[in-house]
Amino acid sequence: MFKSPTWQRRLEGFRRGWYKFSRNPVSVVGLFFVLLVSFLAAFAPYIAPYPEHAGRFVNFREASQPPSLKHPFGTDVFGRDILSRIFFGFRYSLMMGVVVLSLVVPPGVILGLIAGYYRGTWIETLIMRITDIFLAVPPLILALAVCSVLTPSVFNAMMAISLMWWPWYTRLVYGLASSLKHEFFVQAAEVTGASKFHILFREILPNCVSSIFTKMSLDMGWVILIGSALSFVGLGAQPPTPDLGTMVADGAKYLPDQWWIAVFPALAIMITVLGFNLLGDGFRDLFALEEI
Amino acid sequence: MRRGTVFALSVLALVAFGLAAWAGGERVLRITFAWPTYIDPAVGSDFSSSSAFVNLYDTLVYPDVNGDPQPHVATHWEVSEDGTVWTFYLRDDVYFHDGTPLTAEDVKFSMDRITTIGEGYGFLFVDRVEGTEVVDDYTVRFYLKEPFGPFLTTLYRLYIVNKDLVEANIKRPGPYGEWGDYGKEFLLTHDAGSGPYMVKEFRVEEELVMVKNPNYWLPIPEEAPDEVRFIGTTEPATIRTMMARRELEISDQWQPQEAWKALDAMEGVDITSFFPGTSFYLMLHTRKPPTDDIHFRRAMAWAFDYETVVRDIFPGSIQSRGPVAQSLPGHDPTVFQFHRDLDKAREELRKSKYYDQLDQIEVEFHWIAEVPDEEKVALLFMANMAEIGINVKVVKVPWMSVVEEMANMKTSPNIVSIFVAPHYPEAGSILESRYHSSSAPTWEQNEWLLDETFDKMLEDALATVDREERFRKYAELQHYIMDLCPSLFLFDQVEKHAYQAAYIDWPAARGEVIPVMGYNMAARFIKVYPEKREALLKGG
């Protein structure tokens, strides 16, 4: 029937998708966390009680105050409101995740497609052996090494994480592409004389998208966690940047008495990472069901 | 089976033995320090190194609580009329740890070695001591190039090393010609001293373990510790845990404010504080833009909030008045003192050649990672400077890296925040180590002042044997420095240590403070009572 317009079919598809997704309540919780964190990050300057505390601000008179009505999460040793800094901290965490993924996914995926399609040739050997070299080094160690050579900053931390992250996408897409290349629709396209570009990006890539998407949402959490780890050891964001990892590192010195300085930022990291992971699980279920 | 039983029994025996040794009451004194420590007297010069020297080595003279020199290995001395020839008469009953007697030869060797190597406290003697003469076995004579007033007090830093032992351990070839490496590699982890304690084990990254010298020539009280451990950590949570378990007797001085409160609340633990003559400086690089501009530096000096520092960040300290700590002999109380005045700051800034490009300029501020409270100063500085439009980049740097970067004019940052203590208790000491050209590549100077006039004035002051006249010259120098504004003089440090008041007796905590860095950590004067410790552990 050609009567029903495209958008109606899309809406129907979306409804079905949401039904499948929402059948797992844990995924919905994940989605909620992600939306919450994104909202707080986006509107931090308007909803944070003390937005100026995220910048070059100190007030030693109010240092190390326990949680109260005035400061719901307490203040740190510099007298800055921890709640406000967490809201701003979400910005850096999300930025870290988004920037890193948008840097690593395109090259990782393209290399994977090429290597998978040209399986058995020197192109595959070259790409995959380089990938193996990167995969052989534990990710955090590599990032630490890169960061300690460069001057510590958020930018360099993102570069370092990106450098170690792309091989995972290459590996993933390589596996998918090398099996997809034997499918009939790919062979059909080859027989009809379609260009390599067409085969790679119009035939094979669309069939990898669901897996890439799932991995991205799972990775979002990991990237944030590694970014926090780098900040924790002092190789990431520099003060007074309100980075969650740095906040935990600073607060850890005052445990257990001034517990709020470290605990709330740590919880904030946990919620962000957990949210993206649960969401990723939800996506995986969603796509897995569709394939059946 | 039988083998298993034997093994189990031996483990049991070991455990029992360990417990017995513990219950028998080992007298251990554990102190934490900012690391690393260099136990070679020709290399080290920081707090932990100086504290180690005092325990491992002997000196010709020893400071009393006023900082005045008292006889030690030297029983008496003479000085020529022109003040350039100093003759010392030594005791004949001092022996090194390996049993060889300490003679004038060893004193000469130690002086030659430290002046040849030129590191650590070497700058006290390089260019100053022309030569050393062995008159007889127990008489030694120093020839100075020029009369040097505070010579006696600098001898607190001439730690006498065992010539035979060092010579037997020289590695050749080395950087010192016929002397090879001058025993540097050996002395990195061993001692060659005659002091009340000797090195038992030194794990360079972590811990220095020393044991009592049973043959020390001076009586050591029985209650003095049998074993002294210098532990290389200042990590507040670790310090707290060790203090609570009574596994640490004296804490380092680098704990953050919050930690002092928690330590003070612990049963049996007290905090002691004294003014050791140490000052806290923001050292401004006078040869690197934009801190090479005097108006820029003055603007920062006017904009900084000194009061918050002494009131909220380092309570108990006092704002410095000039480069010399107020408790140090030779300080001039009439020296100018900056206070926070934003109008004056802006006025100075307008005169600066960088005024038009403030938004493109970033001042790099390095603070010592091992001292968490310094971050508060750094962020306060950053906030203060933002008010007059100066951008500050705050960087946390480990001590080892700071020492490395400050060795070179190019790698030295715009600003480093550091505590500096005098090496001998006089204003001249701090003026020399902070601003004399010879100290520019050390961690004690980031200014790179390299000011010939100042060098000459200081050299003249130090050459003055008459104490009153010398102090008058020190006063002039303090005014001279103040005019150049090469540093921000934040505060005179109050040195705090948490210590186990319930089971150790520490003279410095009783007010008997020796105003020379390291000397308050002389373990032979500290008494430890293990039975009181046991009681405290059982009670807790």
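Residues numbered from 1 in each chain as written. Chains lettered and ligands numbered in written order. Predicted model: local features only at pLDDT ≥ 70, side-chain atom pairs only at ≥ 80, totals over all residues. Heavy atoms only, no water.

1. Structural notes on the overall build of chain B
Piece 1. Of regular secondary structure, chain B possesses 17 helices and 20 strands.
Piece 2. Its C-alpha atoms give chain B a radius of gyration of 25 Å, near enough to 24 Å, the size a compact globule of 540 residues would have.
Piece 3. By its C-alpha atoms, chain B is 85 × 60 × 45 Å across when sized along the principal axes.
Piece 4. Considering chain B as a whole, with its 540 residues, one finds that 59% of them fall into the buried category.
Piece 5. Carbon together with sulfur atoms contributes 52% to the accessible area of chain B, which is approximately 20800 Å² in total.
Piece 6. The average position of the 52 basic charges and that of the 85 acidic charges among the side chains of chain B differ by 5 Å. (Helix = DSSP H or I, 4+ residues; strand = E, 2+ residues; numbered from the N terminus. Rg over C-alpha atoms; globule rule 2.2 N^0.38 Å. Buried < 20%, exposed > 50% of the residue type's maximum accessible area, 1.4 Å probe, protein only. Areas by Shrake-Rupley, 256 points an atom, 1.4 Å probe, with all protein chains shown as cover. Lys, Arg positive; Asp, Glu negative; His and termini not counted. Charge placed at Lys NZ, Arg CZ, Asp CG, Glu CD.)

2. Remarks on the interface of chain B and chain A
Piece 1. Every contact between the two is made by 25 residues of chain B and, on the other side, 19 residues of chain A.
Piece 2. Here chain B is connected to chain A by two salt bridges.
Piece 3. Between D257 of chain A and R240 of chain B there is a salt bridge, and its shortest N-O distance comes to 2.7 Å.
Piece 4. Here chain B and chain A share three residue pairs in polar contact (both at pLDDT 80 or more) between them.
Piece 5. For the side of chain B that touches chain A, the secondary structure elements donating two or more residues are helix 7 (236-244), helix 8 (257-264), helix 10 (306-313), helix 12 (373-387) and strand 15 (391-397) of chain B.
Piece 6. The greatest single-element share of the side of chain B that touches chain A, amounting to seven residues, is contributed by helix 12 of chain B.
Piece 7. Taken together, the residues of the side of chain B that touches chain A break down into 15 nonpolar, two polar and eight charged. (Contact = heavy atoms within 4.5 Å. Salt bridge = Lys/Arg side-chain N within 4 Å of Asp/Glu carboxyl O. Polar contact = N/O pair within 3.5 Å; in protein donor to acceptor, adjacent residues only side chain to side chain. Nonpolar A, V, L, I, M, F, W, Y, C, P; charged D, E, K, R; others polar.)

3. Remarks on the nonpolar core
Piece 1. If you look at the biggest cluster of nonpolar residues, it comprises 231 residues, and the most contacted ones within it are F88 and F142 of chain B.
Piece 2. Ranked by residue count, the leading element in this core is helix 4 (residues 82-117) of chain A, at 15 residues.
Piece 3. Residues contacting F142 of chain B, with those up to four places away along its chain left out, are L60, T84, V85, W86, F88, V107, M111, V129, G131, T132, F151 and L158 of chain B.
Piece 4. Counting 10 residues, the second largest nonpolar core, distinct from the first, contains M243, L248, W260 and L263 of chain B. (Core = buried A, V, L, I, M, F, W, Y, C linked by side-chain atoms within 4.5 Å.)

4. Considerations on the sheet that holds strand 15 of chain B
All names here are of chain B.
Piece 1. Ordered by their spatial adjacency, six strands build an open sheet running 13-17-12-16-14-15, and the pairing between neighbours is mixed. With one partner strand each, in any of the chains shown, strand 13 (318-319) and strand 15 form the two edges of the open sheet.
Piece 2. In this structure, strand 12 (residues 279-284) lies alongside strand 17 (residues 487-492), joined through five bridges in antiparallel fashion. Of the residues in strand 17, the one forming a bridge with S279 is D492. (Pairing = 2+ DSSP bridges.)

5. Notes on the packing of aromatic side chains
Piece 1. Inspection of the entire model under this criterion finds 50 aromatic pairs over all chains.
Piece 2. Their ring planes at 45 degrees and their centres at 5.0 Å tell us that F213 of chain A and F283 of chain A sit as a pair that is tilted. Within this pair, whereas F213 of chain A is found in helix 10 (residues 209-232), its partner F283 of chain A is found in helix 12 (residues 259-291), the two being separated by 70 residues in sequence.
Piece 3. A residue is classified by how much of its surface remains accessible, and F213 of chain A, at 39% relative accessible area, is partly exposed.
Piece 4. On the basis of an interplanar angle of 55 degrees and a centroid distance of 5.2 Å, the ring pair of W254 of chain B and F419 of chain B is categorised as tilted. Of this pair, W254 of chain B sits in the loop between helix 7 and helix 8 while F419 of chain B sits in strand 16 (residues 415-420), and the two are 165 residues apart along the sequence.
Piece 5. Linked through ring pairs, W77, W86, F88, F142 and F151 of chain B together constitute an aromatic cluster. (Phe/Tyr/Trp six-rings, centres within 6.5 Å; stacked < 30°, edge-to-face > 60°.)

6. Brief notes about the packing of helix 4 of chain A against helix 7 (residues 154-180) of chain A
Residue and element names in this part refer to chain A.
Piece 1. Their axes nearest at 6 Å, the elements helix 4 and helix 7 cross at an angle of 35 degrees. Here helix 4 runs over helix 7; the crossing is right-handed.
Piece 2. Class assignment for the residues of the contact of helix 4 with helix 7 results in 24 nonpolar, six polar and no charged. (Axes fitted to C-alpha atoms, helices over the stretch in contact; angles between N-to-C directions. Left-handed = near helix turned anticlockwise from the far one by under 90°.)

7. Focus: the sheet that holds strand 7 (residues 139-144) of chain B
Residue and element names in this part refer to chain B.
Piece 1. Read across the sheet, four strands follow the order 4-5-7-6 without closing on themselves; strand pairing throughout is antiparallel. At either end of the open sheet lies a strand with only one pairing partner, and these are strand 4 (74-79) and strand 6 (129-136). For this sheet, the mean angle separating the axes of adjacent strands, direction not counted, is 20 degrees.
Piece 2. Pairing of strand 4 with strand 5 (residues 85-90), which is carried by five bridges, proceeds in the antiparallel orientation. Counterpart to V79 in the pairing with strand 5 is W86.

8. Brief notes about the environment of R340 of chain B
Residue and element names in this part refer to chain B.
Piece 1. Its place among the elements puts R340 in the loop between strand 13 and helix 11 (342-351).
Piece 2. Residue R340 is classed as partly exposed on the basis of its relative accessible area, which comes to 29%.
Piece 3. Sequence-distant contacts of R340, defined by excluding residues within four places in its chain, comprise W302, A303, F304, D305, Y306, N384 and E387.
Piece 4. Reaching out from R340, the side chain makes a polar contact with the backbone oxygen of A303 at a distance of 2.6 Å.
Piece 5. Here E387 takes part through its side chain, which lies 3.0 Å from a polar atom of the side chain of R340.

9. Some points on helix 10 of chain B
Piece 1. Of all eight residues making up helix 10 of chain B, six are buried, and the element is well covered by its neighbours.
Piece 2. If you check which residues of helix 10 of chain B are buried, you get Y306, T308, V309, V310, D312 and I313 of chain B.

10. Structural notes on the confidence of the model for chain B
Piece 1. Of all residues in chain B, 95% attain a pLDDT of 70 or more, and the chain-wide mean is 90.
Piece 2. Predicted complex, confidence summary: ipTM 0.70, pTM 0.71. (pLDDT = per-residue confidence, 0-100.)

11. What about the environment of Q337 of chain B?
All names here are of chain B.
Piece 1. Positionally, Q337 belongs in the loop between strand 13 and helix 11.
Piece 2. In this structure Q337 comes out as partly exposed when scored by relative accessible area, which is 23%.
Piece 3. Expressed as a C-alpha distance, the spacing of Q337 and L490, which sit 153 residues apart in the sequence, is 10.0 Å.
Piece 4. Apart from residues lying up to four places away in sequence, Q337 is in contact with Q319, S320 and R321.

12. Some details on the domain arrangement of chain B
Residue and element names in this part refer to chain B.
Piece 1. The domain architecture assigned to chain B consists of domain 1 (28-34 + 195-274 + 495-539), domain 2 (58-170) and domain 3 (279-492).
Piece 2. For domain 1 versus domain 2, the separation of C-alpha centres amounts to 29 Å.
Piece 3. Contact with domain 1, which involves 17 residues of that partner, is made by 18 residues of domain 2.
Piece 4. Both sides of the domain 1 and domain 2 interface together cover about 1400 Å² of buried area, and 58% of this is carbon and sulfur. (Domains from an automatic or database assignment. Buried area = accessible area lost by both parts, 1.4 Å probe.)

13. So, empty space enclosed by the protein
Any space left empty among the atoms is revealed by the rolling of a water-sized probe across them.
Residue and element names in this part refer to chain B.
Piece 1. Enumeration according to the criterion identifies eight cavities of 30 Å³ or more in this entry.
Piece 2. Estimates place the volume of the largest cavity at around 400 Å³.
Piece 3. When contributions to the lining of the largest cavity are tallied by element, the ones reaching two or more residues are helix 2 (47-56) and strand 16.
Piece 4. A class-by-class count of the residues in the lining of the largest cavity yields 20 nonpolar, seven polar and four charged.
Piece 5. Two domains share the lining of the largest cavity, each providing at least three of its residues, namely domain 1 (28-34 + 195-274 + 495-539) and domain 3 (279-492). (1 Å grid on protein atoms, 1.4 Å probe; cavity = no way out; pocket = protein on both sides within 12 Å on 5 of 7 lines; lining within 4 Å. Points joined across faces, edges and corners; volume = space filled by probe spheres on them.)

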